[in-house]
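One letter stands for each residue in the lines below.
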Amino acid sequence: LATLVFIVHPTHSEPVASVVGRADVLGGFLSLFAIVLYQRGGFAATLAFMVALLASLAKEVGIATFALFVAFDVIDVVCSSPSVMKALKRLTKSKAFLLRTAAALTGILGVLYLHTMRHGQHLLYKWTLLENSVASDLSDNRLATYLTYAHFHWRYFIKLITPAYLCYDYGYPCLPHILHLKDRRNAYPAMLYLFLAYTAYEGLVKKKRHVLLALALGLVPFLPAAHILLPVGTPVGERLLYLPSVG
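Residues numbered from 1 in each chain as written. Predicted model: local features only at pLDDT ≥ 70, side-chain atom pairs only at ≥ 80, totals over all residues. Heavy atoms only, no water.

Chemist: Tell me about the nonpolar core, and please be specific about residues and values.
Modeler: Among the nonpolar cores identified, the biggest contains 16 residues, and Tyr38, Phe49, Phe66 and Phe69 are the most heavily contacted of them. For this core, the secondary-structure elements that each account for two or more residues are α3 (22–40), α4 (43–58), α5 (64–79) and α7 (95–119). Counting residues per element, this core draws most heavily on α4, which supplies seven residues. With residues near it in sequence (within four places) discarded, Phe49 still touches Tyr38, Phe66, Phe69, Arg100, Ala103 and Ala104. Formed by 14 residues, the second largest nonpolar core is a distinct cluster that contains Val134, Tyr149, Ala225 and Val236. (Core = buried A, V, L, I, M, F, W, Y, C linked by side-chain atoms within 4.5 Å. Buried < 20%, exposed > 50% of the residue type's maximum accessible area, 1.4 Å probe, protein only. Helix = DSSP H or I, 4+ residues; strand = E, 2+ residues; numbered from the N terminus. Contact = heavy atoms within 4.5 Å.)

Written out as structure tokens, the structure is:
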């Protein structure tokens, strides 16, 4: 059923129908292939790191595949341990886990190095008003920047669960800026964050592996597009939900 929902999800229209979306489809396929290989273990798990590298070169969000490897290991140990604290102790004492984590971190740093070598001084681009109005207009107002990006997270969530209205371009001035804490629209991302926190709590306390996997698959690939690590040139883009929609 989950596979069927993924196949027909309306937000996939843009990456499937547009030429520019080939990178999203290819990166998503390689990421999922790498995850399948990693879950099999042995030599297949080693091969998964090479496929994850290819996914990262196809689409930047593919770099999250390395982090997903670590997340899967953590989830497996948490769900098989009596408590979260004992799970953490097991993880810190596991040489295999530490080795795989080091390999994943090396993969992430390697991809970043390749991008640095490719783009050089243009790695951190200064966004214009038409590309990212938040980074351009609100650079001196951190509170408004955080509130607006939080509202964007809510927009992404709504598009995943009720994709009734779709658009290929959410450039300026399609998305409003949230300038004050008193703005009523701040309640929407607040509810979203509370829901995610409660879901994570339920998954950890009741050892619900499918819930934790869903959170990992939904949130980790979304991080590069969430404007948390760095602002990106697409404030909201449905094609960026291609891999997170797996969660």
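Chemist: Hey, could you go over the packing of α3 against α5 for me, with residue numbers and the actual values?
Modeler: Where α3 contacts α5, the axes come no closer than 10 Å and their chain directions differ by 30°. Judged by the sense of rotation from one axis to the other, the crossing of α3 with α5 is right-handed. Facing Ser31, Ala34, Ile35, Tyr38 and Gln39 of α3, the residues of α5 in contact are Thr65, Leu68, Phe69, Phe72 and Asp73. Considering only residue class, the contact of α3 with α5 consists of six nonpolar, three polar and one charged. (Axes fitted to C-alpha atoms, helices over the stretch in contact; angles between N-to-C directions. Left-handed = near helix turned anticlockwise from the far one by under 90°. Nonpolar A, V, L, I, M, F, W, Y, C, P; charged D, E, K, R; others polar.)

Chemist: Can you explain the environment of Gly107? Please cite residues and give values.
Modeler: Along the polypeptide, Gly107 turns up in helix α7. Residue classification places Gly107 among the buried positions, given a relative accessible area of 14%. Between the alpha carbons of Gly107 and Met50 there is a distance of 8.9 Å; along the sequence they are 57 residues apart.

Chemist: So what's going on with α3? Which residues, and what values?
Modeler: Here α3 spans 27 Å end to end across 19 residues, near enough to the 27 Å set by a 1.5 Å rise per residue. Phi for Gly41, located one or two positions after α3, is positive at around 75°. (Expected span 1.5 Å × (residues − 1).)

Chemist: Explain the packing of aromatic side chains residue by residue, including any values.
Modeler: Applying the stated criterion across every chain, the model contains twelve aromatic pairs. Here Tyr38 and Phe49 contribute two aromatic rings whose centre-to-centre distance is 6.0 Å and whose plane-to-plane angle is 80°, an arrangement assigned as edge-to-face. A residue pair is termed long-range when its members are at least 10 positions apart, and Tyr38 in helix α3 and Phe49 in helix α4 qualify at eleven residues. Relative to Phe195, the ring of Phe157 lies with its centre 6.1 Å away and its plane at 50°, an arrangement referred to as tilted. Taken together, the positions of Phe157 in helix α9 (residues 142–161) and Phe195 in helix α10 (residues 187–205) put the pair 38 residues apart, joining distant regions of the chain. What makes Phe195 partly exposed here is its relative accessible area of 45%. Of the aromatic side chains, those joined through ring pairs into one cluster are Tyr38, Phe49, Phe66 and Phe69. (Phe/Tyr/Trp six-rings, centres within 6.5 Å; stacked < 30°, edge-to-face > 60°.)

Chemist: Kindly report on unusual backbone geometry, identifying the contributing residues and their values.
Modeler: Residue Lys207 is not a glycine yet carries a positive backbone phi of 55°. If you trace the backbone, Lys207 turns up in the loop between α10 and α11 (209–219). The backbone of His227 shows a phi angle near 65°, a positive value even though the residue is not glycine. If you trace the backbone, His227 turns up in the segment after α11. For His227, a relative accessible area of 7% gives the class buried.

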